[in-house]
Amino acid sequence: AHQQWIRNAGGRFVGGIQASNDRDDRCEVSPFVSYAGEDLLCHFAASELALPLYVPARTEIVAFVTQDKGAVEASSDRGLTVYKVEATV
């Protein structure tokens, strides 16, 4: 469902890869960014994304940086790639 939200918002995935529950193919949008796919338009228009993907809220990014997890792109404890999207919440 989350990958479809991103596609509906204009995002494209490298090679048209389909997300799954497999660790290397996950796609997740934080509920702090969007609870049901709302407010994602324009955030992914020029993006070609790879899986695994985790879209965090701004507050979650601060937690990654604070914990020395790296800059905006880092690995979370879920093993997903972090991609910054400005949350409206």
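Predicted, not measured: the structure shown is a model, and the values here were computed from it. (Residues numbered from 1 in each chain as written. Predicted model: local features only at pLDDT ≥ 70, side-chain atom pairs only at ≥ 80, totals over all residues. Heavy atoms only, no water.)

Asker: I'd like to hear about the overall build of the protein, residue by residue, with values.
Answerer: For the protein, the helix and strand inventory stands at two helices and five strands. Across the protein, contacts joining residues at least 24 apart in sequence account for 73% of those joining residues at least 6 apart. By element, 51% of the accessible surface of the protein is carried by carbon and sulfur atoms, the whole surface being about 5,200 Å². (Helix = DSSP H or I, 4+ residues; strand = E, 2+ residues; numbered from the N terminus. Contact = heavy atoms within 4.5 Å. Areas by Shrake-Rupley, 256 points an atom, 1.4 Å probe, with all protein chains shown as cover.)

Asker: Account for the confidence of the model for the protein, with residues named and values stated.
Answerer: Any region with low pLDDT has predicted coordinates that should not be read closely. Looking at the protein, pLDDT values average 75 and 67% of them are 70 or higher. By mean pLDDT, strand E5 (residues 81–82) is the weakest element of the protein at 54, and helix H1 (residues 2–8) is the strongest at 94. Overall, residues 68–80 carries pLDDT values under 50, and its contacts beyond four positions in sequence, including any with other chains, amount to 28 contacts. This model gives residues 85–89 a pLDDT under 50, and the stretch forms 13 contacts once residues within four places in sequence are excluded. (pLDDT = per-residue confidence, 0-100.)

Asker: Tell me about the side chain of serine 30, and name the residues and values.
Answerer: Inspection of the secondary structure assignment puts serine 30 in the loop between strand E2 (27–29) and strand E3 (48–49). At 3.0 Å, the side chain of serine 30 forms a polar contact with the backbone nitrogen of phenylalanine 32. Apart from residues lying up to four places away in sequence, serine 30 is in contact with Tyr54, Val55, Pro56, Ala57 and Glu60. (Polar contact = N/O pair within 3.5 Å; in protein donor to acceptor, adjacent residues only side chain to side chain.)

Asker: With reference to specific residues and values, describe the environment of proline 52.
Answerer: Structurally, proline 52 can be placed in the loop between E3 and strand E4 (53–55). Along the sequence, proline 52 and cysteine 27 sit 25 residues apart, while their C-alpha atoms lie 5.8 Å from each other.

Asker: Could you give an account of the side chain of glutamine 3, naming the residues involved and the relevant values?
Answerer: Along the chain, glutamine 3 turns up in helix H1. Once residues within four sequence positions are removed from consideration, glutamine 3 is found in contact with Phe13, Ile17, Gln18, Ala19, Cys27 and Leu51.

Asker: Tell me about the nonpolar core, and name the residues and values.
Answerer: In this structure, Ile6, Phe13, Phe44, Leu53 and Val55 are the most contacted members of the largest nonpolar core, which totals 14 residues. At the level of secondary structure, the elements contributing two or more residues to this core comprise H1, E2 and E4. (Core = buried A, V, L, I, M, F, W, Y, C linked by side-chain atoms within 4.5 Å. Buried < 20%, exposed > 50% of the residue type's maximum accessible area, 1.4 Å probe, protein only.)

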